[in-house]
Amino acid sequence: MPDRSGSRIDHLNIAVPDLAAAVEFYEPVLASIGISKMLVIPSGYEEGKPGMTGFGLADVKPYFWLVDEGEVGSNMHLAFTVDTRAQVETFYRAALDAGATSLIAPSVHTEYHDDYYGAFVLDPHGINVEAVCHHAI
C-alpha cells in the first residue's frame, strides 16, 4: 500500500475576517491532534501587514497560518493527516466542542480509497475542515 502521509506543501495561509475568533477555534482543535500554536505575528509588524498566527508541529515549524483581515474563499477545504482513526474521532469531538458544525461524522470513504477514514466539520468562518487517517487502524 502506498504511503499517503507525505506532502510537498511547505506552508499554507488562510485568510480569515476575525483572527482572534479563528485562533480561539483552531488552538484547541489542532492541539487535539498534536498541532501547536507556534508563532504570533502582530498586526502592523510591518506597515500594512495583517496579524498572523502560525500552527505546526512543536520543535519543527509552523506550516498552517491564519491571516487576519481577509475573506474566506468559497468551497475552502482543509484536511489534516493523522496517524490513527482514534485521532480522527478526537479531532471531530474537539471541533464540535469548539463550535464547529458537523458535516460528516467519522467514517470510511471508499470513494477515495479503502482505508480513508475522515471526519468533516464546518469551522465558524465557513471553512470545511477535516482530519483524515489513511490506515486501516
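Structure shown above.
Remember, predicted model here, so these are calculated numbers, not experimental data. (Residues numbered from 1 in each chain as written. Predicted model: local features only at pLDDT ≥ 70, side-chain atom pairs only at ≥ 80, totals over all residues. Heavy atoms only, no water.)

Participant: What is the right way to read the pairing of strand β3 (residues 52-57) from this model?
Facilitator: Each regular strand displays side chains that alternate between the two surfaces of the sheet. Where burial is concerned, most of β3 is hidden: 5 out of the 6 residues are buried. Sheet analysis places strand β2 (residues 36-41) next to β3, joined by 5 bridges and oriented antiparallel. Opposite K37, over in β3, you have F55 as the bridge partner. Where β3 lies against strand β4 (residues 61-67), 6 bridges are found, and the strand directions are antiparallel. Along β4, the bridge assignment pairs L57 with K61. (Buried < 20%, exposed > 50% of the residue type's maximum accessible area, 1.4 Å probe, protein only. Helix = DSSP H or I, 4+ residues; strand = E, 2+ residues; numbered from the N terminus. Pairing = 2+ DSSP bridges.)

Participant: I tried to follow the nonpolar core on my own but got confused; where do I start?
Facilitator: Side chains of a nonpolar character, in soluble globular proteins, are inclined to be buried together. By size, the foremost hydrophobic cluster in this structure holds 29 residues, and its most contacted members are Y26, L30, F55, F64, L66 and F80. Top element by residues in this core is helix α1 (residues 19-31). It accounts for 7 residues. Leaving out residues up to four positions away in the same chain, L30 has contacts with I35, F55, F64 and F80. (Core = buried A, V, L, I, M, F, W, Y, C linked by side-chain atoms within 4.5 Å. Contact = heavy atoms within 4.5 Å.)

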